[in-house]
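# Results of the structural survey
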Amino acid sequence: FGALITACFTPMHIARTSEPPPAAPPPSSPQEVVTVVEPPPLLLVFVKKANRDLSADEAERVARLVQQVAEEEKLDVALFGSIVRHESNFESGLKQCQKTNGRRNCDYGLAQVNSYWIDEWELDAAKLRYDDLYNLRISAKILKDVLSRHKGPLGYVYYYSATPELQPAYAERVEGFRKVALVD
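## Some words on the overall build of the protein
A tally of helices and strands in the protein yields seven helices and four strands. Of the regular secondary structure in the protein, the N- to C-terminal order runs β-α-α-α-β-β-β-α-α-α-α. Of all 184 residues assigned to the protein, the portion counted as buried reaches 52%. For the protein, the computed accessible surface area is about 9,200 Å², with 56% contributed by carbon and sulfur atoms.

Spelled out as structure tokens, the structure:
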């Protein structure tokens, strides 16, 4: 994981692309099996209130995936859910791009995994965008790496940006969401 933090996540998401989604999402690899996990009631309520455009079934599906991946990776569910809330408001298939230092930077999917990681870890951009389980698992691995490098209660801010000026606002938003999302 060479220089994971140096080009972490982009400071702000500026524009959503208007690209139409593909006819069908890319197929998942065999190891990407969704385990049926009951999301804690507060997490499900948190997802439903955060994005009222989601159907009840979609909100439950997203809450289950967040719960599943947090458990698989031994992450705090409220923190992981709050980061996903901040990044995409639980909206699947999202792609947001901006130009930074003359380079196009894009963030993909539920957890808005930055294009930096596509090259760094040889990831599949279409899967990051349209395969929510894949996206959340990659995001969780990035978050775990960030937390291992940056100890302390706010180490997760490096998931968003290595730029110190941007971190306090991110921490304030995520902590605000986290208070609402607290789960058993």
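So that's the structure; there's more coming.
## Considerations on helix 7 (residues 167–181)
The end-to-end C-alpha distance of helix 7, which contains 15 residues, comes to 20 Å, matching closely the 21 Å that a straight helix rising 1.5 Å per residue would cover. When helix 7 is considered as a whole, its buried residues turn out to be Q167, Y170, A171, V174, F177, R178 and A181. Relative to the axis of helix 7, the buried residues are bounded by an arc of 135° and lie together on one face. In helix 7, the exposed positions that point more than 90 degrees away from the buried face belong to P168, E172, K179 and V180. As for helix 7, its buried residues are in contact with helix 1 (41–50) and helix 3 (77–88).

## So, the pattern of salt bridges
The tally for this structure, following the rule as stated, stands at nine salt bridges. Put simply, E72 and R137 hold a salt bridge, and the shortest N to O gap is 2.9 Å. You can see E72 sitting in helix 2 (residues 56–72) and its partner R137 sitting in helix 6 (residues 132–149), a full 65 residues away along the chain. In this structure, the salt-bridge partner of D145 is R149, at a minimum N-O distance of 2.9 Å. Here D145 and its partner R149 are both found in helix 6, four residues apart, which amounts to about one turn of the helix. What makes R149 partly exposed here is its relative accessible area of 40%. Connected through salt bridges with shared partners, the residues E58, R61 and D132 form a single ionic network.

## Thoughts on the packing of aromatic side chains
Within the structure shown, the criterion is met by five aromatic pairs. With 6.3 Å between their ring centres and 55° between their planes, Y156 and Y170 make a pair best called tilted. You can see Y156 sitting in the loop between helix 6 and helix 7 and its partner Y170 sitting in helix 7, a full 14 residues away along the chain. Accessibility assignment for this pair places Y156 and Y170 in one class, buried. In this structure an aromatic cluster arises from ring pairing among Y116, W117 and W121. Here the basic side chain of K127 rests over the ring of Y134, its NZ or CZ set 4.4 Å away from the ring centre.

## What to know about helix 6
The periodicity of an α-helix, 3.6 residues per turn, causes residues three or four positions apart to be oriented the same way. Taking 1.5 Å of rise per residue, the 18 residues of helix 6 would be expected to cover 26 Å, and the 26 Å separating its terminal C-alpha atoms lies within 8% of that figure. Most of helix 6 sits inside the fold, with 13 of its 18 residues counted as buried.

## Considerations on the pairing of strand 2 (residues 95–100)
Looking at chain direction, strand 2 and strand 3 (residues 103–108) are connected through six bridges and run antiparallel. If you follow T100 over to strand 3, its bridge partner there is R103.

## Considerations on the confidence of the model for the protein
Overall, the predicted model of the protein reaches an average pLDDT of 80, with 77% of residues at or above 70. Across residues 1–31 the pLDDT falls below 50, and counting only partners more than four positions away or on other chains, this stretch makes 80 contacts in the model.

Parameters and conventions
- Residues numbered from 1 in each chain as written.
- Predicted model: local features only at pLDDT ≥ 70, side-chain atom pairs only at ≥ 80, totals over all residues.
- Heavy atoms only, no water.
- Helix = DSSP H or I, 4+ residues; strand = E, 2+ residues; numbered from the N terminus.
- Buried < 20%, exposed > 50% of the residue type's maximum accessible area, 1.4 Å probe, protein only.
- Areas by Shrake-Rupley, 256 points an atom, 1.4 Å probe, with all protein chains shown as cover.
- Expected span 1.5 Å × (residues − 1).
- Arc of directions from axis to C-beta.
- Contact = heavy atoms within 4.5 Å.
- Salt bridge = Lys/Arg side-chain N within 4 Å of Asp/Glu carboxyl O.
- Phe/Tyr/Trp six-rings, centres within 6.5 Å; stacked < 30°, edge-to-face > 60°.
- Lys NZ or Arg CZ within 6 Å of the ring centre and 35° of its normal.
- Pairing = 2+ DSSP bridges.
- pLDDT = per-residue confidence, 0-100.

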